[in-house]
Amino acid sequence: MKKEFRDLLKSKGRRELPAVLLASAECAPLSKTGGLADVVGTLPKSLKTLGIDARVITPYHRCIKNKYADKVEHMFYFYVQLGWRREYAGIEKLEIDGVTVYLVDNEHYFGDRIYWGGEGEIEQYAFFTRAVLDALPNLDFAPEVIHCNDWHTAMLPMLAKTQYPGGMQERLRYILTIHNIAFQGKLSFGFAKDILSIEDKYLTPEFMELNGCANFMKGGCVFADRVNTVSPSYAREIMTDYYGEGLEGILNARAHEVSGIVNGIDKDVFNPRRDPLIPAHYDRGHRRGKAACKAALQEQMGLEVNPETPIFAMVTRMTEQKGFDLVACVLDELMGREDMQFMLLGSGDERFENFMRAAEYRYKGRLCSYIGYNEDLAHLIYAGSDFYLMPSRFEPCGLSQMIAMRYGTIPIVRETGGLRDTVLPYNQFTGEGTGFSFANYDAWEMRDAIRAALGVYRNKEVMDTLISNAMAADFGFDRSAEEYARLYLCAL
Ligand code: ADP
């Protein structure tokens, strides 16, 4: 154990690191719609190497059942009282990559869709929250810290502290990690009272009321012992009214207990030296394989196969958060004037999907958009592209820019949240840097950053240095895990 941890433990009068249970709506590789799943899937593995017994509790979604049903061990079941509803909850256990995952089973709530949307989604995760609290005393595991993630599990501390007086749940410590403050779990007072038996006294601005609604995330921010988010810059940003989405008040009030920890990526999954999903392998010192990946990407996606033409790529949810309106604004100008190819993999808002379909028609052979979710193609894009575009309006952490750098693909990002904390802008005087960036949410600034990247692309020596710098950056999860261990210890 690190000396720092030993000292921290000593100051708390303890010898052991705390056991931790991560509660999350999704967990890779079992279920995944975005970065949250990656973090919850990877963090426990890294915590284990530090000596922390970290386990996960997550819904038993149909996608997990389809793949892992024969590996799952049934533990016990009980009934959850959700207002007037009495719902079955099975607890199943699965070992995956050395990590124990508890799965909460209910065919009705956890079927084909991880998120139902609307009020139904609130009910889905109110059920999950209640099931976790009711299951805790009977698990074959006694955590000291419950690590909640986003609004789906943000109500755990409030329910534990207000509805389980004297129980083991009340004595636990709760960490709430905000992966994206834009999603908060808002519901009417009536529904909050019905579904989770919330008392009137808690439906006030002091506790979980925000703008006339009950708000799960606010409840979490008030009752969790520590609140953190996924980058130091985002932690600062969400304390302002531009980024805080109404929660800046409570976060400012607890500023001394709010922190930011940059996520890491799974270096085994995203490894250009061994990745089974790419056609040729390479590393920082030997990059011929990257050229082969580029050719394969161009060929597979119907782009003109030309090693000289730079490929700009995006793998993303197509929402306003990801800066798609900026792309729509200047794409024609760029495609019309510059010698470049553009590749997009993503899905989301219909208007952006349609914009990209139409653009593909206009620039056949130079622009390709694959509308949908495709893990294999994502890896090929990270490996085969030259530049990775991420002009987000806000970005709590962002994993894609780190993955891109690991594959020697140079990120072009807006300086916000985790993008600002992970991409070092290229400095033409010192040669330092791992990418390109622009400050304001402005299409012309983004266009200029792309032009700067195109300029550097023509200078092979500088481009080589940039790629080498980007591939040398260490975004492994070990560093994040150490910071989380520190956070758990501080919360005890
Ligand atoms: P967010 O969690 O906000 O969507 P991140 O950059 O943190 O964004 O993480 C997104 C993750 O999901 C990355 O691993 C990215 O490669 C993956 N991803 C996003 N869209 C797709 C898609 N259409 N197909 C395959 N992978 C995708």
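1. As for the sheet that holds strand 17 (residues 410-414)
Piece 1. Sheet architecture is open: six strands sit in the order 15-14-13-16-17-18, paired in parallel fashion. Edge positions in the sheet fall to strand 15 (367-371) and strand 18 (436-438), since each has one partner strand and no second. Sheet twist, expressed as the mean angle between neighbouring strand axes with direction ignored, is 15 degrees.
Piece 2. Of the pairings in the sheet, the one linking strand 17 to strand 18 comprises three bridges and is parallel in character.

2. Some remarks on the packing of aromatic side chains
Piece 1. Applying the stated rule across the entire model yields 26 aromatic pairs.
Piece 2. Centroid distance Tyr79 to Tyr88: 6.1 Å. Interplanar angle 75 degrees. Geometry classified as edge-to-face.
Piece 3. The partly exposed category is assigned to Tyr79, whose relative accessible area is 41%.
Piece 4. By the ring-pair criterion, three or more aromatic residues cluster together here, those being Tyr109, Phe110, Tyr115, Trp116, Tyr125, Phe127, Phe128, Trp151 and Phe216.
Piece 5. The ring of Tyr60 has Lys65 sitting right over it, with the charged end atom 4.9 Å from the ring centre.

3. Quick look at the site of the ligand
Piece 1. The immediate surroundings of the ligand are formed by 20 residues, with Gly35, Arg317, Gly372, Tyr382 and Ser400 found nearest.
Piece 2. In this structure, Arg317 approaches the ligand through a side-chain N or O atom, which is 2.8 Å from an oxygen atom.
Piece 3. One nitrogen or oxygen atom from the side chain of Tyr382 is found 2.6 Å from an oxygen atom belonging to the ligand.
Piece 4. At the level of secondary structure, the elements contributing two or more residues to the shell around the ligand comprise helix 2 (35-49), strand 13 (311-318), strand 14 (341-348), helix 14 (375-384) and helix 15 (400-406).
Piece 5. Ranked by the residues each element gives to the shell around the ligand, the list is headed by strand 13, at three residues.
Piece 6. In terms of residue class, the shell around the ligand is built from eight nonpolar, eight polar and four charged.

4. Details of the domain arrangement of the protein chain
Piece 1. Taken domain by domain, the protein chain holds domain 1 (3-264 + 477-491) and domain 2 (288-472).
Piece 2. For domain 1 versus domain 2, the distance between C-alpha centres works out to 33 Å.
Piece 3. Contact residues are listed per partner, giving 17 residues for domain 1 and 18 residues for domain 2.
Piece 4. Of the roughly 1300 Å² buried at the junction of domain 1 and domain 2 (both faces included), carbon and sulfur atoms supply 56%.
Piece 5. Its largest share of buried area at the contact with domain 2, domain 1 owes to Lys32, Ser233 and Tyr243, together 25% of the area lost on that side.
Piece 6. Inspection of the region where domain 1 meets domain 2 yields one salt bridge.
Piece 7. With a closest N to O distance of 3.8 Å, Glu375 and Lys32 form a salt bridge.
Piece 8. For the pair domain 1 and domain 2, the interface holds eight residue pairs in polar contact (both at pLDDT 80 or more).
Piece 9. The element that contributes the greatest number of residues to the side of domain 1 that touches domain 2 is helix 9 (residues 232-237), accounting for four residues.
Piece 10. Residue classes in the side of domain 1 that touches domain 2 are distributed as seven nonpolar, seven polar and three charged.

Rules behind the numbers
- Residues numbered from 1 in each chain as written.
- Predicted model: local features only at pLDDT ≥ 70, side-chain atom pairs only at ≥ 80, totals over all residues.
- Heavy atoms only, no water.
- Pairing = 2+ DSSP bridges.
- Helix = DSSP H or I, 4+ residues; strand = E, 2+ residues; numbered from the N terminus.
- Axes fitted to C-alpha atoms, helices over the stretch in contact; angles between N-to-C directions.
- Phe/Tyr/Trp six-rings, centres within 6.5 Å; stacked < 30°, edge-to-face > 60°.
- Buried < 20%, exposed > 50% of the residue type's maximum accessible area, 1.4 Å probe, protein only.
- Lys NZ or Arg CZ within 6 Å of the ring centre and 35° of its normal.
- Near = heavy atom within 4 Å.
- Polar contact = N/O pair within 3.5 Å; in protein donor to acceptor, adjacent residues only side chain to side chain.
- Nonpolar A, V, L, I, M, F, W, Y, C, P; charged D, E, K, R; others polar.
- Domains from an automatic or database assignment.
- Contact = heavy atoms within 4.5 Å.
- Buried area = accessible area lost by both parts, 1.4 Å probe.
- Salt bridge = Lys/Arg side-chain N within 4 Å of Asp/Glu carboxyl O.

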